[in-house]
Amino acid sequence: MKNFVYNGLPSRVVFGAGALAKLPEELDRLGAKRALVLSTPEQKESAESVKRALGARASGLYDKAAMHVPIDIAEDARRVARELGADACVTVGGGSTTGLGKAIALTSTLPILAVPTTYAGSEMTPIYGITEGGAKKTGRDVRVLPKTVIYDVNLTLSLPPGLSAASGMNAIAHAVEALYSHEGNPVISIMAEEGIRALASALPRIMDDPKGLDSRGDALYGAWLCGVVLGSAGMALHHKLCHVLGGSYNLPHAETHSIVLPHAVRYNQEAARDAMRRIERALGASNAASAIFDLEKTLKLPLRLADIGMKEADLERAARIATEAPYPNPRKVEYAGVLELLRNAYAGRRPS
Ligand code: NAD
């Protein structure tokens, strides 16, 4: 018998191949008449076509979204939204673009209609992050939770296989930590396990055929579930470590997640047996940590922090930063163990 709290987050999800065609009627449901479309410079073309499809319902396009939401871009986008009299944001892109929409919503309460094109999952969470003076500040506020999310599988077909794999493992990391979260509950565990299963089955198929609609559909479905669990249950050691490595050493977000994940799982192995059983069931394997490592090898993802810019000399400092303040994790977070974890991730050793 385990007590729990379940807190559902209100959002409407429209899922399918070609679901983007529903965008005008979904904006109408929100009562929006002058939406500002957001994208990165790389996805400007997709965003342009969304803006064209919206006709008079679009007030403009802002295409400067960037990784980790730099404060100057957030403030510039807020100004543009104000000047155009925008009454909603339509975000077309991955976590960086959704994140910019959230930065606008945080200070303006404009509703967000998110159109995700990666597996990061930000569209399902009330978590925002803004980077100022080299440090990323994150927070939770239900105002930044997108009101509507349109998952159009067609928009993910262009996500390159390498990025798909890294982004998919990033999503799996959310589900893994939700399974042993101090805020976990039975509903979230069902979603997390199903999310891991869907992504782990889809990602190798995407490597073989990046345009396959079925595998892309399974991956996006899994990403949705992993996004829900990220928004609902507090994360643990793995996310803390990735935050430290990304923030203090500027390592790439999704790759850092995939490299650290098997080692964080190994760290928690004995302290979170039920979560391990569920991960193993989802992966059809007998050891969660090594199965995750092997999946990443199959996906040809980098397996060593050494390969993505981490310096061996920085491992001790990173372990110190990650252990200086206590936070919930199944196994006590201690310097020596975390340093060993980081050394293993640095060298890319297969956990067992
Ligand atoms: P991203 O949004 O930075 O996108 C990476 C690159 O891929 C960009 O150049 C983008 O334009 C391009 N791209 C995206 N979709 C594409 C597609 N379908 N085809 C071709 N190119 C495409 O990467 P991401 O991994 O989605 O997001 C990472 C960011 O999201 C990080 O800053 C992370 O902290 C944040 N995040 C936040 C949350 C949250 O809940 N707040 C959750 C997950 C991630």
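Structure: above.
The numbers attached to residues start from 1 for each chain and follow its sequence in the written order. For a predicted model such as this one, the threshold for reporting local features is a pLDDT of at least 70, and the threshold for listing and counting side-chain atom pairs is 80 or more; totals across whole chains, interfaces and linings nevertheless cover every residue. Where side-chain values are given, they derive from all heavy atoms of the structure, hydrogens and water being excluded.

(A) Fine view of the site of the ligand. Around the ligand sit 22 residues, and of these Thr40, Ser96, Thr117, Thr118 and Thr125 come closest. Any pair of nitrogen or oxygen atoms within 3.5 Å is treated as a polar contact; in protein, a donor-acceptor pairing is required on top of that, and neighbouring residues in sequence qualify only through side-chain atoms on both sides. Between the ligand and the protein, one listed contact pairs an oxygen atom with a side-chain N or O atom of threonine 118 at 2.6 Å. In the environment of the ligand, a nitrogen atom lies 2.8 Å from a nitrogen or oxygen atom belonging to the side chain of serine 158. Only the protein chains shown count as covering a residue, and every accessible area follows the Shrake-Rupley method with a 1.4 Å probe. Protein burial of the ligand: of its 870 Å² of free accessible surface, 85% is covered by the chains. Considering every element that reaches the shell around the ligand, the biggest residue donor is helix 4 (residues 95-108), with 3 residues. Side-chain classes are defined by residue name, with Ala, Val, Leu, Ile, Met, Phe, Trp, Tyr, Cys and Pro counting as nonpolar, Asp, Glu, Lys and Arg as charged, and the others, Gly among them, as polar. By residue class, the composition of the shell around the ligand is 7 nonpolar, 12 polar and 3 charged. Nearness of a residue to a molecule or strand requires only that one of the residue's heavy atoms be within 4 Å of it. Starting at the N terminus, helices and strands are each numbered in turn, a helix being any DSSP run of H or I of at least four residues and a strand any DSSP run of E of at least two.

(B) Here's a closer look at the packing of aromatic side chains. Aromatic rings from Phe, Tyr and Trp, with only the six-membered ring used for Trp, were paired whenever their centres fell within 6.5 Å, and each pair was classed as stacked if the ring planes differed by under 30 degrees, edge-to-face if by over 60, and tilted otherwise. This structure, assessed with the given rule, holds 2 aromatic pairs. Plain terms: the ring middles of tyrosine 221 and tryptophan 224 are 6.3 Å apart, the flat faces sit at 55 degrees to each other, and that makes the pair tilted. Placement of the pair is tyrosine 221 and tryptophan 224 together in helix 7 (residues 213-232), with a separation of 3 residues, close to one helical turn. Here the term buried applies to any residue with accessible area under 20% of the maximum for its type, exposed to any over 50%, and partly exposed to those in between, with areas from a 1.4 Å probe on protein chains only. You can call tyrosine 221 partly exposed: its relative accessible area is 28%. What makes tryptophan 224 partly exposed here is its relative accessible area of 24%.

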